[in-house]
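Breakdown of the fold
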Amino acid sequence: MALPKRIVKETERLMAEPVPGISAVPHEDNLRYFDVTVEGPSQSPYEGGIFKLELFLPDDYPMTPPKIRFLTKIYHPNIDKLGRICLDVLKSNWSPALQIRTILLSIQALLGAPNPDDPLANDVAQHWKENQNAAIQTAREWTQQYAKPQ
Amino acid sequence: MKFGKEYQDALIKGEFPAQWVHSAISYGQLKKCIKKVREELQEIGLDADTLAHLLRACSIDEAQVAPHSAEQSFQYRFSPEIHAKTTPRQDSSEESDSPEIFQGFRPKLLFAVDEESGEPVDAYLSPDTKEYLHQLAVSQRLTDIRITELPGPSIPVEDGHASPQNGAEQTASPQIRMVEVPLSSDGIFFKRLRAELSGLERLQMEEKERLSADIRTMGKTLSKSTEPARTLSTHKSDLSVWREIFLLYMESEIFFSSHELDHGFRSPKQVQDKLESFSAELKRRDIESRLKRKDSKIALNQFLALNLDLFKNLRFQDIEYKAMRKILKKFDKRTALGISSKLIPSISPSVLSQGLARTICTEVSNELVTLVPQVSDYLCPVCMSLAWRPVRLSCHHVFCIRCLIVMQRNHDDHCPMCREPVVMQADSDNIDETMAKFLKKYFPEEVKAKHEDNVRQAGIDEYGEEFYSDKCAIM
C-alpha cells in the first residue's frame, strides 16, 4: 500500500526541522518504522542520557496512535521493564491531530515529570513514593549505566 | 587590520549610495576627539590609569556601603535636559550651530570634595591633581549662588539657578559635595556622535518609507496578475506560479529564522547565502518563463530588487552599529570614564536596530504574500491535505469530509483539535459552502487532486485494496 501523504509530510518535516533533543529516522525498507532517540531533560535524573526508542505507525494511523517503546533500559515509574510507556495521549487521549513530533515531546516531558500515582512499573513507583531521593538516585545510576552514548 | 581601516573599506566596497556613506559615522574624526579628551584629562593628572583605579575603588566601596554614599569619589554622567535648555552656556560658540535635540546632551565629570575645605577626598590622586581640584572647588563655590539640599531621597540635587558649567552638587552626606571638572572635547565628541546617529535614524526612516512605497506598488501589480481565472480561455492567471514563488520565499526564511534550533535574526552573511540560494532555486525551476503575464515578470524583478535593497540596508546598519560600539569602547579604553555600558543600551533600541528588517518583512507578508493564499493555511489537520470538502464542526474546527467520515465510522466523537464531543452530530449541513467556494477559486488544481483521492479512498473502503490498483482485476 502506498504511504499516506500525511506520513510523508510528517517525515519530511522531522528531517528538515528536527525537534531539539529528539531525532526520528525512518527505516529504509519500512517507512512506518522509526528509530528514535530522546535526550534526557536537563535537571532530571535522566540528564545527560540518550534514550533509544522504536516507533511504529499502524495501518490506520493517524486514527490510532503510533506504537512506541523504549529500547534503552530506564528507571521510571511510568515505563516498565519491556520499555512500554504509560502515557494518556498514547492511549485513551490520542487525537488524530497529534503527530510524531508532538508525541515524542510528550515522552520527553514525561521523563522530566514522572508520575508515580499512575504507575506502570509498580515496584519503581513504590520506591518513588517511599523514598523519592533514593529512587531518583537509582534513575541517575541507570542513566549513567545504560543511556550513555558510546 | 585596524577597525578604522576595515570600516572605511567596508563603506567603500559595500556599493552603498553616496547619501548613505555621507551619513555614516565618521570614525576617524571621532577618534581624534577621543585623543583630545585624553590630552585634556592628562593635563590635570587624570589619565586612564588613574580613573580606572578610582572606578575600581568606588565599586568596592559601593559594595560595602549603600549606593549614593559619600564614598563615591567621582561620577561621569550626562546632565539632565532641563539645565541646558534653561541656562545659558559659556561655550556658546559651539552651542549656536547645534540642532535642538542635542542640547541636553552634555556630559559632566564630577569629583567629590570636602564641603568645608574643598579638598578632594580621594587619597589616590597626585598632589598636583588634588591642588587643581581644590582650586576648582574654591572658585566654583565663589560663583555659586546658593546650594540647597532638598528633603527626601538621597539623590544629589542641584539648585536650579546654578549654571551647569559652574554647577556644584551636594550629595546626601553634608561633608561632601561634587565639583565639576570642566572639559570641552568630550562634549564635542558626544555631540558629533549624537548628530551622526540621528542622521542615521533619519536615513533609516526614509529608507523605510521608500521600501514601503515599493511594496505597495508591487502589491497592485501582483493583485492583478494573481487574480484567479474567471473563464479559462480569455484570462491568464499566474496564481499558482506566484504561490510557488512565495512558498519558496517563506521556506527560505531569508531575513530571520523561525526554526526551533536557530531562532532569530540572521547575520548579513547568512542573509546573503539565503538570498543567493533563493534566486538560484527560482532559476532552476525556470520560474520566470513560466509566468505568462508581462506584469508578473515585472513584479518578480521588483520583488527580487526589493529584497536586495533590504539586504543592502541591513548590511549598512550592521557596519554602523559595529562602528558605534567600537568608538564608544575606544572612548572608555582611552579615558576609563565607563560610558559605553551606560550609553549603548539607551541608543541601540531606537537607532540601528533590526527594526527595519522586521517592519519590512511584516509588510512583505501582509501586502504581498497574503494576496496569494497558501495551501498550508487550509489543510485538514488529520490527513494534512487540502481540507476538501470542508466540514466545519460546531466547535468551529474544519476537517476534510473524508477524515470526518472515517472518524464517524470509528465512533470517535471527540474533535481532534479540542476534544469536544461534536463529531457524531455532524451532517451535510456542516459543509462550509463559503470556504468550499473559496478553495475552488484559489486552489483549483489542489481541489481536483484531493477530490480524486477522496473518491479512490472511498472505493478502497468499499471494494478493498485492489479497487484502484493499476492492474486489471476481476471483481
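Looking at an unreviewed UniProt entry, one finds chain B named RING-14 protein and attributed to Viridothelium virens.

Going by the annotation in an unreviewed UniProt entry, the name recorded for chain A is E2 ubiquitin-conjugating enzyme, with Viridothelium virens given as the source organism. Per UniProt, the comment on chain A under Sequence similarities (unreviewed entry) is "Belongs to the ubiquitin-conjugating enzyme family."

Along its length, chain B carries 17 helices and eight strands. Split into buried and exposed, the 475 residues of chain B put 46% on the buried side. Pairs at least 24 residues apart make up 67% of the contacts formed inside chain B by residues separated by at least 6 positions.

On to the interface of chain B and chain A. On the chain A side, the residues contacting the 18 residues of chain B number 20 residues. Of the roughly 1500 Å² buried between chain B and chain A, counting both surfaces, carbon and sulfur atoms make up 60%. Between chain B and chain A we count zero salt bridges in total. The interface formed by chain B and chain A contains five residue pairs in polar contact (both at pLDDT 80 or more). Looking at side-chain class alone, the side of chain B that touches chain A contains 11 nonpolar, three polar and four charged residues.

Here we come to the sheet that holds strand β1 (residues 22-26) of chain A. All names here are of chain A. Within the open sheet, the four strands sit side by side as β1-β2-β3-β4. Their pairing is antiparallel. Each end of this open sheet is capped by a strand with a single partner; those strands are β1 and β4 (67-70). Taking the axes of each pair of neighbouring strands and ignoring which way they run, one obtains an average angle of 20 degrees across the sheet. Looking at chain direction, strand β3 (residues 50-56) and β4 are connected through four bridges and run antiparallel. Along β4, the bridge assignment pairs Leu55 with Ile68.

Residue and element names in this part refer to chain A. Residues annotated in UniProt with the feature "active site" (unreviewed entry) correspond here to Cys86. Note on placement: Cys86 falls in the loop between β4 and α2 (100-112). By relative accessible area, Cys86 is classed as buried at 18%. Residues within four places of Cys86 in sequence aside, it is in contact with Asn78, Lys91, Leu110, Asp118 and Leu120.

Attention now moves to the packing of helix α3 (residues 122-130) of chain A against helix α4 (residues 132-146) of chain A. Residue and element names in this part refer to chain A. Where α3 contacts α4, the axes come no closer than 5 Å and their chain directions differ by 130 degrees. Accordingly, the angle class assigned to the pair α3 and α4 is oblique. In this structure, α3 uses His127, Trp128 and Glu130 to contact α4, whose residues at the interface are Gln132, Ala134, Ala135, Ile136, Thr138 and Ala139. Taken together, the residues of the contact of α3 with α4 break down into five nonpolar, three polar and one charged.

Our focus in this paragraph is the UniProt feature "domain: RING-type" (unreviewed entry) in chain B. Here the UniProt feature "domain: RING-type" (unreviewed entry) sits at residues 380-419 of chain B. End-to-end, the C-alpha atoms of residues 380-419 of chain B are 16 Å apart, and along that stretch the chain is 22% helix and 15% strand.

Scored by pLDDT, chain B comes out at a mean of 74, with 69% of its residues at no less than 70. Here the prediction assigns the complex a pTM of 0.70, and the interface score ipTM is 0.87.

For an α-helix, 3.6 residues make a turn, and residues three or four places apart therefore share a direction. Residues and elements named next belong to chain A. Taken together, the buried positions of α3 are occupied by Val124, Ala125 and Trp128. Looking straight down α3, one finds that the buried residues subtend no more than 100 degrees of arc, so they occupy a single side. Turned more than 90 degrees off the buried face of α3, the exposed positions are Asn122, Asp123 and Glu130. Turning to α3, the residues buried within the fold contact α4.

For the rest of this paragraph, the subject is the pattern of salt bridges. Residue and element names in this part refer to chain B. Applying the stated criterion to the full structure yields 21 salt bridges over all chains. With a closest N to O distance of 2.7 Å, Glu281 and Arg284 form a salt bridge. Residue Glu281 and its partner Arg284 are both found in helix α10 (residues 268-284); the two are separated by three residues, about one turn of the helix. On the basis of relative accessibility, which here comes to 19%, the residue Glu281 falls in the buried class. The exposure class assigned to Arg284 is exposed, which follows from its relative accessible area of 63%. For Arg285, the salt bridge is made with Glu281, and the minimal N-O distance between the two is 2.8 Å.

So, how was this worked out
Residues numbered from 1 in each chain as written. Chains lettered and ligands numbered in written order. Predicted model: local features only at pLDDT ≥ 70, side-chain atom pairs only at ≥ 80, totals over all residues. Heavy atoms only, no water. UniProt positions renumbered as here; feature names shortened; annotations may be inferred. Helix = DSSP H or I, 4+ residues; strand = E, 2+ residues; numbered from the N terminus. Buried < 20%, exposed > 50% of the residue type's maximum accessible area, 1.4 Å probe, protein only. Contact = heavy atoms within 4.5 Å. Buried area = accessible area lost by both parts, 1.4 Å probe. Salt bridge = Lys/Arg side-chain N within 4 Å of Asp/Glu carboxyl O. Polar contact = N/O pair within 3.5 Å; in protein donor to acceptor, adjacent residues only side chain to side chain. Nonpolar A, V, L, I, M, F, W, Y, C, P; charged D, E, K, R; others polar. Pairing = 2+ DSSP bridges. Axes fitted to C-alpha atoms, helices over the stretch in contact; angles between N-to-C directions. Parallel < 35°, antiparallel > 145°, perpendicular 65-115°, else oblique. pLDDT = per-residue confidence, 0-100. Arc of directions from axis to C-beta.

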